[in-house]
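Notes for the structure review
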Amino acid sequence: MVSQLIRLLPELILVITAIIVILADLYARRRTARWLLPGVTLVGLAASLVAAFVQWAAREPVAFTLAADSFAYFFKMVAALVVMIVVLAGMDYMRERTRFLGEFYALLLVATLAIYVTVAATDIIMLYLGLETLSITSYVLTGFLRGDKRSNEAAVKYFLYGAAASAVMLYGFSLLYGITGTTDLQEMAKRLTSGEVMGSLVWLAWPAVVLVTVGFGFKASLVPFHQWAPDAYEGAPTPVTMFLSTVSKGTGFAVMARVFVSALPALSEYWLSLTYGLAILTMTLGNLVALRQASVKRMLAYSSVAHAGFILMGIVGISAAGATTPFSGIDGVLMYVLAYAITNAGAFAVVAAVEDGAGGASFEHFSGLIARSPFLAAAMLIFLLSLAGIPPLAGFAAKFFVFAPVIRQQYYVLAVIALVNAVVAAGYYLKVVKHMFFVEVNPNGAISLSRGMEIALWACIVGIFAVGIFMNWFAWLATGSAAGMLGM
Amino acid sequence: MIPLSWFLAVSAILFVIGFFGVLSRRNAIAILMGIELMLNAVNINVLAFWRYTQPENPAGLVWAIIVITVAAAEAAVGLALFIALYRLRTTVNIDEVDLLKG
C-alpha cells in the first residue's frame, strides 16, 4: 500500500501545494503574497515534475482505477512543465487584473491535478471524474476576471458547451458499461474481443463510440465540437488561454488514445473511420477560418483548432500492430502534444506581453514589434515557424511523427490534405511576421518585459530547439511512453 | 418483472428531450435544465444496467452517486457564472451575449 502511495507522489505534491497556497493567501500580507504564491506554485510543480520523471519507467495499476505507466507520466511531465511556463508568464498579467491570486494559483494546481488523474485513469468512472474536475476548474479559470464582460461571456459559453458535451460522453460511457458489464478499460477490451457481452445490446456499440468521441472531441476542440474554443480562448485571461489551448487540449487526446487503444481495439473500424473524417474537417475548417481573423489572439485560437486536426492524425495512424514500435501513431500524438504545447504556450505568452504593452492583440498592435521589442519579435518568429513546422524546430519533429504513421497506413488522401493545410497555415503565420517586421506603424512605443515573462519565453525557445534538434532522444521517450501504456 | 429495454427506452427519450432543450432554449438556465435531464438519463441507464446485469458488483451504484455529485458541483459553478453574467449584462439570454464572435 505504501509502495503504491509513492506512485501517486506527483499528485500528492500538487494537492499539498494547493493547500499551502490557499493557507498562504490567507495569512500572508498582500505585498508578500505577490511573489510568495507564484513561488510556492512553481516549487510544487517542479517537485511534482521530478517525481513524475523519476518514476517514468513504472508500469503497474494503482488501486485499480489509476495506472502508473510511462504514458501517464509523459503527460504529467508535459502538464507540469507547461503550467510552470503559464505561471511564470502570467504572474504580472494576473497581478494587475485581480486581487484573488491565491484562488487563481490553487485552481491552476487543481486543474493540473485533474489532468494527472485523467491521463492515468483506467476506469471510466475515474476518467469521468478527472475530466469533470478539469472542466469545472477550467470554467472558473476562464471566467476568473469576474467584472470583465469578455471573460465572463467566454466562461458562460465554455460552460454550456462543456456541460452538454460531458453529458453526451457520459451517456456513451453508460452504453459501453451496459454492453460489457464493466467499468474497467482493460476488462472491457477483453470482453469485447472475446465476445462475452450482452448479445442483444451489441448494436449499441456504434452509437456509444460516436457519443464518447463527442465528449473527447469537445476537450480536444475538434470540428464540429470546437465552437466554444475561439470564444473561450479569446475571452479568457491570456495565461488561462495558454493552459486551455495546450495541456487541457492534450488531455483530450491522451484519454482518446487510452480509451480507443486499451478499451476499444475490437471496435477500431468504428473509431478509425470517425477520427479520419474529423481530422480532415478539423484541420481544414480551423485553417480556413484562421485565415480571415483580425485579432492575433483569435487567429491563434483557430490555428490551435487546426493543430488538433494534425494531432488527430496520430490517432488515425494507430496500427493494429500495437504501440511498441516507432511511428505507431500514439508516439506521434505524444510528440505533437509536447512540441505543440511548448510552442503555443510561448505564442500566447507573447500575446499576453503585447496585450499588456500595447493594449490589445489585433494585427495593428503587432505592427513594427521588431522596433519596439526585438526580443519579443524574435521569440514570436521562432514560435510561428515552429507552429508552421519548419525544421529544425519542434513543430517539424511533431509533424514528422504524425505524417509517418498515416503514410505507413496508406491513408494518402489524408496525408495530402494535411500537407495542403500545413502550407495554408504557414500563410497566416507569415502575416503576423509581416506585421512585426515590415509594417512601419509605431504609435505605442517600447514594450518592456517582466522577469517572469522573459524566463518563460526563454524556456519555450530552449524547449523548441531542444525538441527539434535532439529529436532522436524525444522520439525515444515518446515511443517508450506509448509502448508503456498499460493494457497494450 | 419489467424488461430492461423499457428502462433504456425511457432513458433514451429523456436524453433526447434534454438534448433538444439544450439546442432549442435560449435562456441559459433552461439550457442547464436540459443538461440535467441528460445526466438523469445517464443515471437511469447505469442503474438499469447495474440491476439487470450484475447486481452483486456495486460499480453501477457508485457511478450514479458520483454523477449526481458532479452534476451538483457543475450546477453550482454554472449558476455562479450566470449570476455574474446577469450582473454585467442584465440578461441570461445567450443570444444577447455576443461580444465574442468571428
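Cut-offs and rules
- Residues numbered from 1 in each chain as written.
- Chains lettered and ligands numbered in written order.
- Predicted model: local features only at pLDDT ≥ 70, side-chain atom pairs only at ≥ 80, totals over all residues.
- Heavy atoms only, no water.
- Helix = DSSP H or I, 4+ residues; strand = E, 2+ residues; numbered from the N terminus.
- Contact = heavy atoms within 4.5 Å.
- Lys, Arg positive; Asp, Glu negative; His and termini not counted.
- Charge placed at Lys NZ, Arg CZ, Asp CG, Glu CD.
- Buried < 20%, exposed > 50% of the residue type's maximum accessible area, 1.4 Å probe, protein only.
- Areas by Shrake-Rupley, 256 points an atom, 1.4 Å probe, with all protein chains shown as cover.
- 1 Å grid on protein atoms, 1.4 Å probe; cavity = no way out; pocket = protein on both sides within 12 Å on 5 of 7 lines; lining within 4 Å.
- Points joined across faces, edges and corners; volume = space filled by probe spheres on them.
- Nonpolar A, V, L, I, M, F, W, Y, C, P; charged D, E, K, R; others polar.
- Pairing = 2+ DSSP bridges.
- Axes fitted to C-alpha atoms, helices over the stretch in contact; angles between N-to-C directions.
- Parallel < 35°, antiparallel > 145°, perpendicular 65-115°, else oblique.
- Left-handed = near helix turned anticlockwise from the far one by under 90°.
- Expected span 1.5 Å × (residues − 1).
- Bend = angle between axes of the 7 residues up to and from the residue.
- Patch = residues over 30% accessible without salt bridge, like charges linked within 9 Å, V, L, I, M, F, W, Y side chains within 5 Å.
- Salt bridge = Lys/Arg side-chain N within 4 Å of Asp/Glu carboxyl O.

**Here's the deal with the overall build of chain A**
- The helix and strand inventory of chain A stands at 21 helices and two strands.
- In terms of overall dimensions, chain A has C-alpha extents of about 70 × 55 × 40 Å along its principal axes.
- Taking contacts inside chain A between residues at least 6 apart in sequence as the whole, the part at least 24 apart equals 80%.
- Distance between charge centres in chain A, computed from 28 positive and 23 negative side chains, equals 5 Å.

**Details of the overall build of chain B**
- A tally of regular secondary structure across chain B gives three helices and zero strands.
- Going residue by residue from the N terminus, the α and β elements of chain B occur as α-α-α.
- In terms of its C-alpha atoms, chain B occupies a principal-axis envelope of roughly 50 × 25 × 25 Å.
- A buried classification covers 44% of the 102 residues belonging to chain B.
- Long-range contacts, defined here as pairs at least 24 residues apart, represent 57% of the contacts in chain B between residues at least 6 apart.
- Accessible area of chain B: about 5300 Å², with a carbon and sulfur share of 71%.
- For chain B, the separation between the mean place of its 6 positive charges and that of its 6 negative charges on side chains is 5 Å.

**Concerning the layout of surface pockets**
- Taken as a whole, the largest pocket spans an internal volume of roughly 660 Å³.
- For the largest pocket, the lining is made up of 22 residues, of which Leu160(A), Tyr161(A), Ala164(A), Val22(B) and Leu23(B) are closest to its centre.
- Contributions of two or more residues to the lining of the largest pocket are made by helix H7 (149–180) and helix H9 (205–219) of chain A together with helix H1 (4–24) of chain B.
- With six residues, H7(A) is the single largest residue contributor to the lining of the largest pocket.
- Each residue belonging to the lining of the largest pocket can be placed in one class, and the counts come to 17 nonpolar, one polar and four charged.

**Topic: the pairing of strand S2 (residues 66–69) of chain A**
Residues and elements named next belong to chain A.
- Residues Leu 66 and Ala 68 of S2 are buried on one face, and the alternating residues Ala 67 and Asp 69, pointing to the opposite face, are buried as well.
- Bridge count between strand S1 (residues 59–62) and S2: four bridges; the pairing is antiparallel. The partner of Val 62 across the bridge, within S2, is Leu 66.
- Connecting S1 to the antiparallel partner S2 that follows it, the hairpin turn spans three residues, and Ala 63 within it adopts a positive phi of roughly 50°.

**Quick notes on the packing of H7(A) against H1(B)**
- Packing of H7(A) against H1(B) leaves a shortest axis separation of 11 Å and a crossing angle of 165°. Judged by the angle between their axes, H7(A) and H1(B) are roughly antiparallel. Relative to H1(B), H7(A) is oriented so that their crossing is left-handed. Facing Ala164(A), Ala167(A), Val168(A) and Tyr171(A) of H7(A), the residues of H1(B) in contact are Ser11(B), Ala12(B), Phe15(B), Phe19(B) and Val22(B).
- Residues belonging to the contact of H7(A) with H1(B) are distributed by class as follows: eight nonpolar, one polar and no charged.

**Some words on helix H4 (residues 70–97) of chain A**
Residue and element names in this part refer to chain A.
- The end-to-end C-alpha separation of H4 is 39 Å, in line with the 40 Å expected for 28 residues at 1.5 Å each.
- The sharpest bend along H4 measures roughly 55° and falls at Gly 90.
- Taking burial as the measure, the 28 residues of H4 include 24 buried ones, the bulk of the element.

**Quick word on empty space enclosed by the protein**
Residues and elements named next belong to chain A.
- A complete count under the given rule lists four cavities of 30 Å³ or more for this structure.
- One number sums up the size of the largest cavity: a volume of about 60 Å³.
- Every residue along the wall of the largest cavity is listed here: Leu 131, Glu 132, Ser 135, Gly 162, Ala 165, Ser 166, Met 169, Gly 215, Phe 218 and Lys 219.
- Broken down by secondary-structure element, the contributors of at least two residues to the lining of the largest cavity are helix H6 (124–142), H7 and H9.
- The biggest single contributor to the lining of the largest cavity is H7, with four residues.
- Taken together, the residues of the lining of the largest cavity sort by class into four nonpolar, four polar and two charged.
- Its boundaries defined by the atoms lining it, the second largest cavity holds a volume of some 50 Å³.
- Surrounding the second largest cavity, His 307, Tyr 336, Ala 339, Tyr 340, Thr 343, Ser 386, Leu 387, Gly 395, Ala 398 and Lys 399 form its lining.
- Among the secondary structure elements, those contributing two or more residues to the lining of the second largest cavity are helix H14 (330–358), helix H17 (374–388) and helix H18 (394–408).
- The element best represented in the lining of the second largest cavity is H14, accounting for four residues.
- Its residues placed into classes, the lining of the second largest cavity shows five nonpolar, four polar and one charged.

**Some thoughts on the side chain of Arg372(A)**
- Of note, Arg372(A) is situated in helix H16 (residues 369–372).
- You can call Arg372(A) buried: its relative accessible area is 4%.

**Some points on the environment of Gly178(A)**
- Tracing the sequence through the fold places Gly178(A) in helix H7.
- In this structure, Gly178(A) is in contact with Met198(A), Leu201(A) and Phe49(B), ignoring residues within four places of it in sequence.

**Details of unusual backbone geometry**
- Here the residue pair Val223(A) and Pro224(A) is connected by a cis peptide bond, since its omega of 5° sits within 30 degrees of zero.
- Considering the arrangement of structural elements, one finds Pro224(A) in the loop between H9 and helix H10 (228–235).
- The peptide bond linking Pro391(A) to Pro392(A) adopts the cis configuration, its omega dihedral lying at 5°.
- Within the fold, Pro392(A) resides in the loop between H17 and H18.
- Positive phi is not limited to glycine here, since Ser221(A) has a value of about 50°.
- Inspection of the secondary structure puts Ser221(A) in the loop between H9 and H10.
- On the accessibility criterion, Ser221(A) (0% relative accessible area) is buried.
- Even without being glycine, Thr90(B) reaches a positive phi, approximately 50°.
- Mapped onto the secondary structure, Thr90(B) falls in the segment after helix H3 (59–89).
- The exposure class assigned to Thr90(B) is exposed, which follows from its relative accessible area of 59%.

**A look at a positive patch on the surface**
- Together, Arg30(A), Arg31(A), Arg34(A), Arg99(A), Arg146(A) and Arg87(B) make up a region of like positive charge exposed at the surface.
- For the positive patch, the leading source of residues is helix H3 (residues 30–54) of chain A, giving three residues.
- Within the fold, Arg34(A) resides in helix H3.
- Take Arg34(A): its relative accessible area is 38%, and that puts it in the partly exposed class.

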